[in-house]
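Topology and contacts: notes
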Amino acid sequence: FPSLGINNKYAMAIPAKLAAEKNIRTLSDAVSSDVSWRVSATQEFMGRREGYAALMSNYQLDMVKAPVTVEPERIYVSMDDGITNIAAGNETDGMLSTGKYVALGDDKDAFTHWQACIVARMDLMEKGNGLKPALASLSAKFTNTEMRKLCFQVDAESVPAAVVARDWLKSKSL
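Residues numbered from 1 in each chain as written. Predicted model: local features only at pLDDT ≥ 70, side-chain atom pairs only at ≥ 80, totals over all residues. Heavy atoms only, no water.

Concerning the overall build of the protein
The secondary structure content of the protein amounts to nine helices and seven strands. Structurally, the protein occupies a C-alpha span of about 60 × 30 × 25 Å along its principal axes. Classification of the 174 residues of the protein by burial places 40% in the buried group. Residue pairs at least 24 apart in sequence account for 77% of intrachain contacts in the protein once pairs closer than 6 positions are excluded. Summing over all exposed atoms, the protein offers an accessible surface of approximately 9500 Å²; the carbon and sulfur share of this is 54%. Between the mean site of the 20 positive side-chain charges and the mean site of the 21 negative ones, the protein shows a separation of 4 Å. (Helix = DSSP H or I, 4+ residues; strand = E, 2+ residues; numbered from the N terminus. Buried < 20%, exposed > 50% of the residue type's maximum accessible area, 1.4 Å probe, protein only. Contact = heavy atoms within 4.5 Å. Areas by Shrake-Rupley, 256 points an atom, 1.4 Å probe, with all protein chains shown as cover. Lys, Arg positive; Asp, Glu negative; His and termini not counted. Charge placed at Lys NZ, Arg CZ, Asp CG, Glu CD.)

What follows is the structure, encoded as structure tokens:
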């Protein structure tokens, strides 16, 4: 199956207010700004070569101290609490749909692209049960912006994922 249209690569996010005040849109803008960065990141981001190592080898952010390692659900909370001012998240993080944060452009393409696609067992696909055309109908139906909104419903509003999925499918007449 082709991509669903989602690229969930790593994304560095900052408070929207800071982005506007300092005119920061990309990671290169962040490097050339006068901001001393305090990073929050998950253990996964810190340990993966396409995570922290890729960030620092491509951008060399001026950091006041070593990154703060937090659980995924605390990435944005650490910025709200003033502990950090830049967070390592993902392009489809629900909190990026609130307008409170902005994902900085990865203008040096440091982070690996993670295209979402469907993987299914061949024996199920060949049964003639309508599964293959149903799954194929999902190709290229998503955008990162739309996925952020769906993730926000699940993560921040505690709407069950099955309900969010059902409502989205209905809205697309699928």
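Some points on the state of the cysteines
Put plainly, two cysteines are in a disulfide when a covalent bond ties their sulfur atoms together. Under the definition given, this model contains zero disulfides. Not part of a disulfide, Cys117 finds its nearest cysteine sulfur in Cys151, a span of 16 Å. Among the residues examined, Cys117 registers a relative accessible area of 43% and is labelled partly exposed. Look at Cys151 and you get buried, because its relative accessible area is 18%. (Disulfide = S-S within 2.5 Å.)

What to know about the layout of surface pockets
There is about 400 Å³ of room inside the largest pocket. Taken together, 22 residues line the largest pocket, and the ones lying closest to its centre are Pro72, Glu73, Ile75, Tyr76 and Asp93. Residue contributions to the lining of the largest pocket peak at four residues, all from helix H5 (residues 75-80). Residues of the lining of the largest pocket, tallied by class, amount to eleven nonpolar, five polar and six charged. For the lining of the second largest pocket, the secondary-structure elements that each account for two or more residues are helix H8 (144-155) and helix H9 (161-171). Among the elements that make up the lining of the second largest pocket, the one with the highest residue count is H9 (five residues). (1 Å grid on protein atoms, 1.4 Å probe; cavity = no way out; pocket = protein on both sides within 12 Å on 5 of 7 lines; lining within 4 Å. Points joined across faces, edges and corners; volume = space filled by probe spheres on them. Nonpolar A, V, L, I, M, F, W, Y, C, P; charged D, E, K, R; others polar.)

Focus: the sheet that holds strand E6 (residues 101-103)
Pairing is mixed across the open sheet formed by five strands, whose spatial order is E4-E3-E5-E2-E6. The two strands at the open ends of the sheet, each matched to only one other strand, are strand E4 (68-69) and E6. (Pairing = 2+ DSSP bridges.)

Some words on unusual backbone geometry
In this structure, Asn23 is a non-glycine residue whose phi angle is positive, near 55°. Structurally, Asn23 is set in the loop between helix H1 (16-22) and helix H2 (27-32). Residue classification places Asn23 among the partly exposed residues on the basis of a relative accessible area of 45%. The phi angle at Asp109 is positive, at roughly 55°, despite the residue not being glycine. Structurally, Asp109 can be placed in the loop between E6 and strand E7 (115-117). Residue classification places Asp109 among the partly exposed positions, given a relative accessible area of 47%.

Some thoughts on the nonpolar core
For soluble globular proteins, the rule of thumb is that nonpolar side chains tend to be buried together. Counting residues in hydrophobic clusters, the biggest one holds 24 residues, and the most contacted among them are Met12, Trp37, Phe45 and Leu55. Every element with two or more residues in this core is listed here: strand E2 (10-15), H1, H2, strand E3 (39-41), helix H4 (49-59) and strand E5 (86-90). Considering every element that reaches this core, the biggest residue donor is H4, with five residues. Residues within four places of Phe45 in sequence aside, it is in contact with Tyr10, Met12, Gly51, Tyr52, Leu55, Ala88 and Phe111. In this structure, Leu4, Ile118, Phe142 and Val164 belong to the second largest nonpolar core, which totals ten residues. (Core = buried A, V, L, I, M, F, W, Y, C linked by side-chain atoms within 4.5 Å.)

Describing H8
End to end, H8 covers 16 Å across twelve residues, agreeing with the expected 16 Å (1.5 Å per residue, within 8%). Among all positions in H8, only Asn144, Glu146, Arg148, Leu150, Cys151 and Phe152 are buried. (Expected span 1.5 Å × (residues − 1).)

Quick look at the packing of H8 against H9
Where H8 contacts H9, the two axes come as close as 9 Å, and the packing angle between them is 145°. The handedness of the crossing between H8 and H9 comes out as right-handed. Contacts from Glu146, Leu150, Gln153 and Val154 of H8 reach H9 at Ala161, Val164 and Trp168. (Axes fitted to C-alpha atoms, helices over the stretch in contact; angles between N-to-C directions. Left-handed = near helix turned anticlockwise from the far one by under 90°.)

Scope: geometric values only; no functional claims are made or implied.
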